[in-house]
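# Chains, contacts and geometry: an overview
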Amino acid sequence: MTAILDVRHLGVTVGQHGKQDKPVTIVDDVSFTVSRGEVLGLAGESGSGKTMTALALMGILPPHTQTSGTAVFDGRDDLLALRGNALRKVQGRRVAMVFQDPASSLHPMLTVGKQLTEHMRHHLGLGKREARERALDLLDQVRIPNPRAALGSYPHQFSGGMRQRIQIAIALACDPELLIADEPTTALDVTIQAGILRLLDRLCADRGLAVLLITHDLGILSAIAGRVLVMYSGRVIESSATGELMTGSRHPYTRALLSSVPHPGAAHASLVPIAGTPPAPTARPPGCAFAPRCEFAEQACAAEVPALTLLAEGHACACPVDPFLAGDRR
Amino acid sequence: MTVLELTDVEVTYQRGDGTPVRAVAGVSLTVNPGEIVGLVGETGCGKSSLARAACGLTPVSGGTVSFEGRPVRALGARERPVEDLGLQLVMQNPYSSLNPRRRVEQQVADGMRRAAQGRAGQHPGPAPHTVHELLALVGLPSETARRYPYQLSGGQRQRVALARALAAQPSVIVLDEPLSALDVSVQAQVANLLRHLADELRVGMLLISHDLAIVHHIADRTAVMYLGRLVETAPTRELWSSPVHPYSRALIGAIPTTASVGRLPEALTGEVPDPASPPSGCRFHPRCAHRMDQCQLTEPPAFGHGSGWQVACWLADPAVSSALASSEEA
C-alpha cells in the first residue's frame, strides 16, 4: 500500500481575538500517513483537535488560524501550501469531506440534483445528462429510495439520515481518492450507520479509497478502521493497529476512554467516567496534558511534553510512565 | 406498585394536507418505582411522541396515561395540577430547556416551591430539601447555584436539568434522549448518575434513547419500538443476549462494539415506511427476513415469552413455533 497522504508535524494555531497575546495552539505536532484502501481512525473527545486537523487538510480553517508542517498528498502537492486554482483542483475532486451535520452543510435552497451535479460538471467536465445519470447511480448506492424524485427535492424534504447519505453521495461524486469524514454517522440510527460503514468499507476495497475517519465512537473504529490515532488536547497520544489498541492500549487516556464506553459483556457494571475535564487550549498544563486527570501521573509527566515513542512495530505511545507495560495492571 | 401506566396509547398528528399520521399506534407500557425502562427504536418510530404523551405535553388520541392511579390530562391553558408534579420530563437539549436569563438556583427552586405546596411527603424516597442538596445529589458543586446556564458545560447543564426535575420530588422522570448532546466520558458520568438516582431515590424512569449501548447499560427493562408499536419488551439483559423479534435482532446486531474488531455491523435492508400508511399485517414485514404469509395479513398480538417478556411476532406464537419445529423434523 502506498501512502496517499503523508502528514508531518501538522500544527494549527489561532490568534486570540482582539489580543496581542501569543497565539493558542489547537493542533500540535500531528504526524500520520493514510494509504490507499485504508481507513485511518482519529479518535478523541470534543476539543481534542480532531476536527481542526480535518479542516486544515481541506484548506478550510476559520479565519485567524495559521498552519505549520506539511501534508503531502499523492507524493506531490502539499495540501497546506496549495492556494487558489491549485487548491481547487484537489479540494472536492481528489480529496472530499463529509461533515457531521448535514442540516448545515447542505444548501437549503438548492435542489439535491443541483448540489449533486454542480461539482461533477465542473471537475469532471460531464454534460448535463451524464451528470444526472451518475447522480442517480450515486443516490442508489447510498440507498436513497426513488432517486429520480430525490434529484428534484430540497434538503428539508428528507430525514436526517437521508440528508447525511446525500452528503456522502456528494462527497463521492467526483470519485475522490481520499475522503475525510468528520463524525459522519453520529447523528444517525445504528441501522443506517451500519449501512454507511459497509458502503465505506466496500469503496475502500473496490476502488482503493482512503478514508480518514474522525469519530469519538470507538465501536465504529473497531468495526472499520485498520489503524487508530488517539488525540488528546491537540496532540496524538497513542497510535496503533485497531485490534491492538482495543485490547492492549498502553496510554492511560486510551484505557480510560475505553472503560467509559458501555461494553456488551459488562451490562450494569458501572461505567468508569474520566474524572475532570480536558484542559482549555489556553490553559494547557506544561508536560503531558492528561497528567492532571491521570491516576498514574508522576513528577516526570509535568516536566516536559512526552514524545510519541515507538513501543513495537506500528504501536506508538506518548507516556513517560507507561503503567501498562506488563499487561493490564488494573 | 406501578407509578406510570400507559394503556393502548395512540398519538395522532395531522399533516399539512389533512392526512392523519398515527405516530404512536397503541402502546402499553408500565414503569415501577426505582425502575429504569428503556425505550429504543429508530428515528421516526414514535419514541418522542410517546414521551410527550406520557407527561401530558401532547394529547393522546386513544388509550390512557395514568400516573399514580390518576389519569394524566394534556397540558392546556390552566396551571398543571400539583398532583402531576411528580411526573417530570428531562429533554434532550440542555441548551434550550434551561432559561438563559435566570440563575441555576432560581430555576431549581421553582419546582421545590410548588412541590412544598402539594406533594411533600408523597415522595417514595428520602427528599432533598435545599437547592444545594439537590445540586450535590447530581454531583454539582454548590457554587453552581449562582451561575447562569451559559457559564456551564453541556454535562453540567444536563445535571442542572436533572436537579430541576428532582426538585419536584418526582416519582417518575421521563427522559427524552438525555445523553445524546454530551461527550462520551460525560455520558458515562450522567448514565451512572441516573442509575444511582433510580436506586437511591426509588424514582422510576422512562429512558428514551437511540443510543442502545447506554440503554443496555442502565435500563432494567427495555422496550423496542418500530413504527408506532412496541415489537418486544423484555428484561434488558435477556433482550441483549437473546432477542426474539427479528427487528430487535437487527437493531442489536447493528451496534458496532469495541469487542468485535474488524467485524462490520449488520445492516437492515429497506427504509422505515411512512407512518401515515403503514404496511398491512405486521408493520415490520416488508423488511423482515423471516416473513411468512400470515405476517402480511394479520398483525401479531404480543405473545408472552417468559416472565416480563412480550414479543409481537408470529414466530413467538407457540402454535407457529411448534408447527415450524415439526416441519423441520419432517
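What you are looking at is a predicted structure, and each value in this text was computed from that prediction instead of being measured.

Each value, and the rule that gives it
Residues numbered from 1 in each chain as written. Chains lettered and ligands numbered in written order. Predicted model: local features only at pLDDT ≥ 70, side-chain atom pairs only at ≥ 80, totals over all residues. Helix = DSSP H or I, 4+ residues; strand = E, 2+ residues; numbered from the N terminus. Rg over C-alpha atoms; globule rule 2.2 N^0.38 Å. Buried ≥ 20, exposed ≤ 12 C-beta atoms within 10 Å, placed from the backbone. Contact = placed C-beta atoms within 7 Å. Pairing = 2+ DSSP bridges. Axes fitted to C-alpha atoms, helices over the stretch in contact; angles between N-to-C directions. Nonpolar A, V, L, I, M, F, W, Y, C, P; charged D, E, K, R; others polar. pLDDT = per-residue confidence, 0-100. Parallel < 35°, antiparallel > 145°, perpendicular 65-115°, else oblique. Left-handed = near helix turned anticlockwise from the far one by under 90°. Core = buried A, V, L, I, M, F, W, Y, C linked by C-beta atoms within 7 Å. Expected span 1.5 Å × (residues − 1). Domains from an automatic or database assignment.

## A short note on the overall build of chain A
Within chain A, the regular secondary structure consists of twelve helices and twelve strands. Since a compact globule built from 330 residues should have a radius of gyration of about 20 Å, the 21 Å found for chain A is in line with a globular shape. Projected onto the principal axes, the alpha-carbon positions of chain A cover approximately 65 × 50 × 40 Å. The buried share of chain A, reckoned over its 330 residues, is 45%. Sequence-distant contacts in chain A: of pairs separated by 6 or more residues, those separated by 24 or more amount to 63%.

## Things to note about the overall build of chain B
Scanning chain B for helices and strands turns up eleven helices and twelve strands. Its C-alpha atoms give chain B principal-axis dimensions of roughly 75 × 50 × 40 Å. Taking all 330 residues of chain B together, 51% fall into the buried category. Put simply, 65% of the contacts in chain B that link residues at least 6 apart link residues at least 24 apart.

## Considerations on the pairing of strand S11 (residues 309-312) of chain A
All names here are of chain A. Note: S11 against strand S12 (residues 315-317), three bridges, orientation antiparallel. Its bridge partner being in S12, alanine 312 is matched across the sheet by histidine 315. Counted between consecutive antiparallel strands, the loop separating S11 from S12 contains two residues, among which glycine 314 sits at a positive phi close to 75 degrees.

## Here's the deal with the sheet that holds strand S11 (residues 303-304) of chain B
Residue and element names in this part refer to chain B. Strand order in the open sheet formed by eight strands is S6-S7-S8-S3-S9-S10-S12-S11, and the pairing between neighbours is mixed. Each of the sheet's edge strands pairs with one partner strand only, and the pair in question is strand S6 (87-90) and S11. Where strand S3 (residues 36-40) and strand S9 (residues 221-226) come together, four bridges link them in parallel fashion. Across the sheet, valine 40 pairs through a bridge with valine 224, a residue of S9.

## Overview of the sheet that holds strand S4 (residues 65-73) of chain A
Adjacent strands of a sheet pair through backbone hydrogen bonds, lying either parallel or antiparallel. Residues and elements named next belong to chain A. Spatial strand order, S2-S1-S4-S5: four strands in an open sheet with antiparallel pairing. The open sheet has two free edges, formed respectively by strand S2 (24-35) and strand S5 (77-78), since each of these has just one partner strand. Direction of pairing for strand S1 (residues 3-14) relative to S2: antiparallel, over a ladder of eight bridges. Within S2, the residue paired with valine 7 across the bridge is phenylalanine 32. Together, S1, S2 and S4 form the strand contacts of helix H1 (residues 50-58), whose direction differs from that of S2 by roughly 70 degrees.

## Focus: the interface of chain B and chain A
Counting from both sides, the interface comprises 38 residues of chain B and, opposite them, 41 residues of chain A. Going through the elements one at a time, helix H6 (184-201), helix H7 (212-218), helix H8 (236-241) and helix H9 (246-253) of chain B are the ones with two or more residues in the side of chain B that touches chain A. Considering every element that reaches the side of chain B that touches chain A, the biggest residue donor is H6(B), with six residues. Looking at the side of chain B that touches chain A, its residues break down into 18 nonpolar, 14 polar and six charged.

## Some thoughts on the confidence of the model for chain B
Residues and elements named next belong to chain B. Taken over all residues, the pLDDT of chain B has a mean of 87, while the share at 70 or more is 95%. Least confident of the elements in chain B is helix H11 (residues 318-329), whose mean pLDDT is 74; most confident is S9, at 96. As a predicted assembly, this complex carries a pTM of 0.85 together with an ipTM value of 0.80.

## Points about H9(B)
Burial analysis of H9(B) places six of its eight residues in the buried class, the great majority of the element. In this fold, the buried residues of H9(B) make contact with helix H8 (190-207) of chain A together with S3, H7, S9, strand S10 (229-235) and H8 of chain B.

## What to know about the packing of helix H4 (residues 112-124) of chain A against helix H5 (residues 128-141) of chain A
Residue and element names in this part refer to chain A. Closest axis-to-axis distance for the H4/H5 pair is 9 Å, and the angle between their directions is 120 degrees. With respect to their mutual orientation, H4 and H5 come out oblique. For the pair H4 and H5, the sense of crossing is right-handed. On H5, the residues touching Gly113, Leu116, Thr117, Met120 and Arg121 of H4 are Ala131, Arg132, Arg134, Ala135 and Leu138. Tallied by class, the residues present in the contact of H4 with H5 amount to five nonpolar, two polar and three charged.

## Examining the pairing of S6(B)
Residues and elements named next belong to chain B. Neither face of S6 is left uncovered, since the one carrying Leu87 and Leu89 and the one carrying Gln88 and Val90 both have all their residues buried. Looking at chain direction, S6 and strand S7 (residues 172-176) are connected through four bridges and run parallel. Bridged to glutamine 88 within S7 is isoleucine 173.

## So, the nonpolar core
By size, the foremost hydrophobic cluster in this structure holds 198 residues, and its most contacted members are Leu213(A), Val37(B), Ala54(B), Val172(B), Met205(B), Leu206(B) and Leu207(B). Contacts of Leu207(B), omitting those with residues within four sequence positions, involve Ile36(B), Val37(B), Gly38(B), Leu39(B), Leu175(B), Val215(B) and Ala219(B).

## Concerning H8(A)
The terminal C-alpha atoms of H8(A) lie 25 Å apart, and with 18 residues this matches the ideal 26 Å at 1.5 Å per residue to within 8%. Of the surrounding secondary structure, the elements contacted by the buried residues of H8(A) are strand S3 (39-43), helix H7 (160-172), strand S8 (210-214) and helix H9 (218-224) of chain A together with H7 and H9 of chain B. One or two steps after H8(A), the chain reaches Gly208(A), where phi turns positive at roughly 70 degrees.

## Observations regarding the domain arrangement of chain A
Residues and elements named next belong to chain A. Taken domain by domain, chain A holds domain 1 (3-94 + 176-317) and domain 2 (108-172). When each unit is reduced to the centre of its C-alpha atoms, the spacing between domain 1 and domain 2 is 29 Å. In this assembly, twelve residues from domain 1 lie in contact with twelve residues from domain 2. No other element matches H8, which puts four residues into the side of domain 1 that touches domain 2. Its residues placed into classes, the side of domain 1 that touches domain 2 shows eight nonpolar, two polar and two charged.

## Observations concerning the packing of helix H5 (residues 154-167) of chain B against H6(B)
All names here are of chain B. Running from N to C, H5 and H6 cross one another at 20 degrees; their axes reach a closest spacing of 10 Å. Taken together, the axis directions place H5 and H6 in an arrangement best described as roughly parallel. Remark: the crossing between H5 and H6 carries right-handed chirality. Residues Gly154, Gly155, Gln158 and Arg159 of H5 form the contact with H6, whose own contacting residues are Val186, Gln189 and Val190. Looking at side-chain class alone, the contact of H5 with H6 contains two nonpolar, four polar and one charged residues.

## Some thoughts on the domain arrangement of chain B
The figure often quoted for interface size is the accessible area lost as the parts come together. All names here are of chain B. In terms of domain boundaries, chain B breaks down into domain 1 (4-226) and domain 2 (229-329). Placing a centre on the C-alpha atoms of domain 1 and another on those of domain 2 gives a separation of 28 Å. The interface is formed by 24 residues belonging to domain 1 together with 22 residues belonging to domain 2. Only strand S2 (20-31), S3, H7 and S9 provide two or more residues apiece to the side of domain 1 that touches domain 2. Each residue belonging to the side of domain 1 that touches domain 2 can be placed in one class, and the counts come to 13 nonpolar, six polar and five charged.

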